[in-house]
Amino acid sequence: MATPNVPLWEVFIRSRNGLAHKHVGSLHAADSTLALQAARDIYTRRGEGLSIWVVPSNAITASDPSEKGMMFEPAESKIYRHPTFYDVPDEVGHM
Amino acid sequence: MYTQALNSSDGDDRGVEDVARASQFQARIDADERIEPNDWMPAAYRKTLTRQISQHAHSEIVGMLPEGNWITRAPSLRRKAALLAKVQDECGHGLYLYAAAETLGTSREELVDAMLSGKAKYSSIFNYPTLTWADIGTIGWLVDGAAIMNQIPLCRCSYGPYARAMIRVCKEESFHQRQGFEIMVTLCRGTVEQKAMAQNALDRWWWPVLMMFGPPDQVSQHSDTSTKWKIKRFSNDELRQKFIDATVPQAEFLGLTIPDPGMKQNENGNWVHSPIDWDEFKQVLAGNGPCNRERLAARRKAHEEGAWVREAAMAYAEKRKSRQLAQAAE
């Protein structure tokens, strides 16, 4: 008999160094409570985190990689958004 | 983000070989770019990786059995805690790897079912028995040592999710090898009987461990395309040689004899082993190793006996969901 599918969750962990939650992987669990417990067991066996988020995988909307050219084009041409675009005389020193 | 849900819409590349896309794909590989789940990939790349990553996952899960055999009989609380942690890690590694394999479009349940039905393979090494406590030391020292040799180059594999899973695995694997070697050091510094037990374990595991690297380069069926796709960065024989050269001095330190009287050091300093009995390897892969039936039976039993837990958890989740919906409707 084929094993029935159990929902997929994406796991995000905030490490102790104060950075934002970061995606670490995915897992299967029947509900959010079990997903959190499984995430603790699978992804934090060595104190990797202080906070866990689990999100149903199908709740995530992702950009289409095949359209990444068009998607990110607006940022490509705007070099004036970077500090190095602007000239500051050497005498002024670090700014 | 690598999820099955996101992949499901992208089934159109399977079986369809598009020459232009394939050459673009190869150009990305040659430029050392990582391939991600939703990117276009040749059907054969998807198939090869699904096979390799899922076999790797099955190996981690089946690998829990020979070691789990000694948890209740570990000689001290310290050894027991370490072995338990190691076996838990193996389970974790299996789960990272199933998650990576799933991003290629096959569900974990299908992958697990393929293993339980005997259709999918796992590493031949786990079909050997753990007869004494020294086997636990030898597995950590040699089996995990060989696994590390194989896995470190995989951290740079072209498929992103696999490479990322291997980075986590390799970080944790180093504890496994060290705990195994510590067991060996303790036994080799112990009584005459303890040292003999260590030697006996080495005698039984040495050749099966050399077989873990796979068939010699001249006959390996998957190597060429895997190298072209940067899934494999070193050949079976290269990795085997690296492993032997690293292990010989460790065996010397322990005062143990590698059970290969014909082994010689060549002019480059490499240790050249005697011919490997590939018939034994084929027999074990074909299901005729000492423990093949026992391992599969144990996995099937665990899976079947856990079925009611999975069903109950899903039923409870459904009940809570419908109750919440009913409350929201009021």
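Residues numbered from 1 in each chain as written. Chains lettered and ligands numbered in written order. Predicted model: local features only at pLDDT ≥ 70, side-chain atom pairs only at ≥ 80, totals over all residues. Heavy atoms only, no water.

Chain A goes by 1,2-phenylacetyl-CoA epoxidase subunit B in an unreviewed UniProt entry, where it is assigned to Bradyrhizobium uaiense.

Novice: In this structure, what is going on with the overall build of chain A? I would like to understand it.
Specialist: Counting its regular elements, chain A contains two helices and three strands. When the helices and strands of chain A are placed in sequence order, the string is β-β-α-β-α. A total of 95 residues make up chain A; the buried ones form 26% of that total. When contacts within chain A are restricted to residue pairs at least 6 apart in sequence, those whose partners lie at least 24 apart make up 43%. (Helix = DSSP H or I, 4+ residues; strand = E, 2+ residues; numbered from the N terminus. Buried < 20%, exposed > 50% of the residue type's maximum accessible area, 1.4 Å probe, protein only. Contact = heavy atoms within 4.5 Å.)

Novice: What's the story with the sheet that holds strand β3 (residues 51-56) of chain A in this structure? I'm lost.
Specialist: Within a sheet, adjacent strands bond to each other through the backbone by hydrogen bonds, running parallel or antiparallel. Residues and elements named next belong to chain A. In space, the three strands of this open sheet follow the order β2-β1-β3, with antiparallel pairing throughout. Both outer strands of the open sheet, β2 (22-28) and β3, are each paired with one neighbouring strand and no more. Strand-to-strand twist across the sheet, computed as the mean angle between neighbouring axes with direction ignored, equals 30°. With six bridges connecting them, strand β1 (residues 8-14) and β3 associate as antiparallel partners. By the bridge assignment, V11 is partnered in β3 with V54. Lying on the sheet, helix α1 (residues 32-43) is in contact with β1, β2 and β3; it crosses β2 at an angle near 115°. (Pairing = 2+ DSSP bridges. Axes fitted to C-alpha atoms, helices over the stretch in contact; angles between N-to-C directions.)

Novice: Sorry, what's going on with the layout of surface pockets here?
Specialist: A probe matching the size of a water molecule, rolled over the atoms, marks out where space remains unfilled. Counted as a void, the largest pocket has a volume near 1400 Å³. If you trace the largest pocket, you find 47 residues lining it, with Q52, Q55, M212, F213 and G214 of chain B closest to the centre. For the lining of the largest pocket, the leading source of residues is helix α7 (residues 133-154) of chain B, giving eight residues. Taken together, the residues of the lining of the largest pocket break down into 20 nonpolar, 16 polar and eleven charged. In this structure, the second largest pocket encloses a volume near 1100 Å³. Around the second largest pocket, the lining comprises 31 residues; the ones closest to its centre are H28 of chain A together with C91, L95, R108 and R310 of chain B. Of all the elements in the fold, those that place two or more residues in the lining of the second largest pocket are β2 and α1 of chain A together with α5 (77-102), α6 (108-116), α13 (292-305) and α14 (307-329) of chain B. The biggest single contributor to the lining of the second largest pocket is α5 of chain B, with six residues. Across the lining of the second largest pocket, the residue classes tally to 19 nonpolar, six polar and six charged. (1 Å grid on protein atoms, 1.4 Å probe; cavity = no way out; pocket = protein on both sides within 12 Å on 5 of 7 lines; lining within 4 Å. Points joined across faces, edges and corners; volume = space filled by probe spheres on them. Nonpolar A, V, L, I, M, F, W, Y, C, P; charged D, E, K, R; others polar.)

Novice: I tried to follow the nonpolar core on my own but got confused; where do I start?
Specialist: Note that soluble globular proteins tend to have their nonpolar side chains buried in a common cluster. Core analysis: the biggest nonpolar cluster contains 90 residues, and Y45, Y159 and F243 of chain B have the highest contact counts within it. When near neighbours in sequence (up to four residues on either side) are disregarded, Y159 of chain B contacts I35, E36, P37, M41, Y45, L49, I53, A100, T103 and L104 of chain B. (Core = buried A, V, L, I, M, F, W, Y, C linked by side-chain atoms within 4.5 Å.)

Novice: Whenever I open this one, the interface of chain A and chain B confuses me. Can you help?
Specialist: The accessible area lost on association of the parts is a frequent measure of interface size. The interface is formed by 30 residues belonging to chain A together with 30 residues belonging to chain B. Approximately 2400 Å² of surface area, both sides summed, lies buried where chain A meets chain B, with 56% of it carried by carbon and sulfur atoms. For chain A, the biggest contributors to the area lost against chain B are T3, H28 and R45 of chain A; these three give 24% of the whole. For the salt bridge of R46 of chain A with D89 of chain B, the shortest nitrogen-to-oxygen distance reads 2.5 Å. At the level of secondary structure, the elements contributing two or more residues to the side of chain A that touches chain B comprise β1, β2 and α1 of chain A. Across the side of chain A that touches chain B, the residue classes tally to 15 nonpolar, ten polar and five charged. (Buried area = accessible area lost by both parts, 1.4 Å probe. Salt bridge = Lys/Arg side-chain N within 4 Å of Asp/Glu carboxyl O.)

Novice: Even after reading the chapter, I still don't get the pattern of salt bridges, so can you show me in this structure?
Specialist: Where charged atoms of side chains with opposite charge meet at close range, the side chains can pair. As enumerated under the stated definition, the model contains 20 salt bridges over all chains in all. The salt bridge involving R28 of chain B is made with D39 of chain B; its shortest N-O contact spans 3.1 Å. Within this pair, whereas R28 of chain B is found in helix α2 (residues 19-30), its partner D39 of chain B is found in the loop between α2 and α3 (43-62), the two being separated by eleven residues in sequence. Assigned by exposure class, R28 of chain B and D39 of chain B land together as buried. Its salt-bridge partner being K86 of chain B, residue E90 of chain B comes within 3.1 Å of it at the nearest N-O pair. Highlighted residues: E90 of chain B and K86 of chain B, both in helix α5, separated by four residues, approximately one helical turn. A single network of salt bridges, built from pairs that share partners, joins R45 and R46 of chain A together with D89 and E172 of chain B.

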